[in-house]
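What follows is each chain in one-letter form.
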Amino acid sequence: NFMLTQPHSVSESPGKTVTISCTRSSGSVASNYVQWYQQRPGSAPTTVIYEDNRRPSGVPDRFSGSIDTSSNSASLTISGLKTEDEADYYCQSWDTDVPYVFGAGTKVTVL
Amino acid sequence: EVQLAESGGGLVQPGGSLRLSCAVSGFTFSRYSLNWVRQAPGKGLEWVSYISGSGTTIYYADSVKGRFTISRDNAKNSLYLQMNSLRDEDTAVYYCARDGGVGYYAIDVWGQGTTVTVSS
């Protein structure tokens, strides 16, 4: 099985941009879609990005996703940071043997 | 509106059993695969188990294989997780989650979770 590695935390001021990386340990990141979930304190997770870079309805376009095959990683970028974006963010992908692999999560702090 | 509502959590002693339920509404239940995902206190998300819409395909995480059993009743729009031989490390919030991927695995709807505490 592979692992997804995320930074433990990132922080930035309101209005700025943050990018969270998610590096796949083995196998190509391009082989299986990557999803991103947001979990605000005390709440259940919600989906902010699916299929690498698609946003569910209702998710603002300040959230964007991408993959980079050279670093075998996916990224979630939040632009125009707002206080409401303060949350934990988890990347997720899959393989033929394991339907769900989650990263350990990244805490985003809005300073 | 799509809703997933978990129930059945509580306090149980190590070695004990518990059965979680997830009542679903707002979509055609039998057309979707479902999952249980858990989150230990202060920790990240951990996938636990998956069941296809028909119930014929089932997967488990290694950490629960042989102890937990996932099932569904399409007539009752309900998902279940039978948890046996519970351990301290099974203490977590357990989420019921719908698989929304077409040809791949991705959660598109989450329940609010039910808390399981394993302690003597």
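Before reading on, note that the structure itself is shown above.
Residues numbered from 1 in each chain as written. Chains lettered and ligands numbered in written order. Predicted model: local features only at pLDDT ≥ 70, side-chain atom pairs only at ≥ 80, totals over all residues. Heavy atoms only, no water.

Caption draft 1: Main features of the interface of chain B and chain A. Between chain B and chain A, the contact holds 21 residues from the first and 19 residues from the second. Carbon and sulfur atoms supply 64% of the area buried between chain B and chain A, which totals about 1600 Å² over both sides. At the junction of chain B with chain A, the criterion picks out zero salt bridges. Linking chain B with chain A are eleven residue pairs in polar contact (both at pLDDT 80 or more). (Contact = heavy atoms within 4.5 Å. Buried area = accessible area lost by both parts, 1.4 Å probe. Salt bridge = Lys/Arg side-chain N within 4 Å of Asp/Glu carboxyl O. Polar contact = N/O pair within 3.5 Å; in protein donor to acceptor, adjacent residues only side chain to side chain.)

Caption draft 2: Spotlight on the environment of A:L81. Residues and elements named next belong to chain A. With respect to the element layout, L81 can be found in the loop between β7 (73–78) and β8 (87–93). Overall, L81 belongs to the buried group, its relative accessible area being 2%. C-alpha of L81 to C-alpha of P14: the two residues are 67 residues apart in sequence and 4.8 Å apart in space. Here L81 is in contact with E12, S13, P14, G15, K16, V18, R62 and V110, once residues within four sequence places are set aside. (Helix = DSSP H or I, 4+ residues; strand = E, 2+ residues; numbered from the N terminus. Buried < 20%, exposed > 50% of the residue type's maximum accessible area, 1.4 Å probe, protein only.)

Caption draft 3: Inspection of the side chain of A:T77 at higher detail. Residues and elements named next belong to chain A. In this structure, T77 sits in strand β7. In this structure the side chain of T77 is engaged in a polar contact, spanning 3.1 Å, whose partner is the side chain of T19. Each residue touching T77, except ones within four places of it in the same chain, is listed here: T17, V18, T19, R62, F63 and S64.

Caption draft 4: Geometry of the nonpolar core. In terms of nonpolar packing, the biggest core is built from 42 residues, with A:W36, A:L76, A:Y89, A:F102, B:W47, B:I107 and B:W110 touching the most fellow members. For this core, the leading source of residues is β8(A), giving four residues. Among all residues touching B:W47, those that are not within four sequence positions of it are A:V98, A:P99, A:Y100, A:F102, B:N35, B:W36, B:V37, B:Y59, B:Y60 and B:A61. Judged by nonpolar contacts, the second largest core, of 25 residues, contains B:V12, B:L18, B:L20 and B:F27. (Core = buried A, V, L, I, M, F, W, Y, C linked by side-chain atoms within 4.5 Å.)

Caption draft 5: Representation of the pairing of strand β5 (residues 45–51) of chain B within the structure. Residue and element names in this part refer to chain B. Within β5, six of the seven residues are buried, which leaves the element mostly enclosed by the surrounding structure. As judged from the six bridges shared by strand β4 (residues 33–39) and β5, these two strands associate in the antiparallel manner. When the bridges of β5 are listed, R38 appears paired with E46. The turn joining β4 and β5, which pair antiparallel and follow one another in sequence, is formed by five residues; a positive phi near 70 degrees is taken by G42. As judged from the three bridges shared by β5 and strand β6 (residues 58–60), these two strands associate in the antiparallel manner. Counterpart to Y50 in the pairing with β6 is Y59. As consecutive antiparallel partners, β5 and β6 are separated by six residues, and within that stretch G55 has a phi angle of approximately 85 degrees, a positive value. (Pairing = 2+ DSSP bridges.)

Caption draft 6: Region of the structure containing the layout of surface pockets. As a volume, the largest pocket reaches approximately 420 Å³. Surrounding the largest pocket, 22 residues form its lining, A:V98, A:Y100, A:V101, A:F102 and B:W47 being those nearest its centre. Contributing elements (two or more residues each) for the lining of the largest pocket: β9 (101–102) of chain A together with β5 and β6 of chain B. Looking at the lining of the largest pocket element by element, the count peaks at three residues for β5(B). Taken together, the residues that form the lining of the largest pocket break down as 14 nonpolar, four polar and four charged. Considered as a void within the structure, the second largest pocket measures approximately 280 Å³ in volume. Surrounding the second largest pocket, 16 residues form its lining, A:D88, A:Y90, B:G42, B:K43 and B:G44 being those nearest its centre. Of all elements in the fold, only β8 and β10 (106–110) of chain A together with β9 (92–99) of chain B reach the threshold of two or more residues within the lining of the second largest pocket. Tallied by class, the residues present in the lining of the second largest pocket amount to six nonpolar, seven polar and three charged. (1 Å grid on protein atoms, 1.4 Å probe; cavity = no way out; pocket = protein on both sides within 12 Å on 5 of 7 lines; lining within 4 Å. Points joined across faces, edges and corners; volume = space filled by probe spheres on them. Nonpolar A, V, L, I, M, F, W, Y, C, P; charged D, E, K, R; others polar.)

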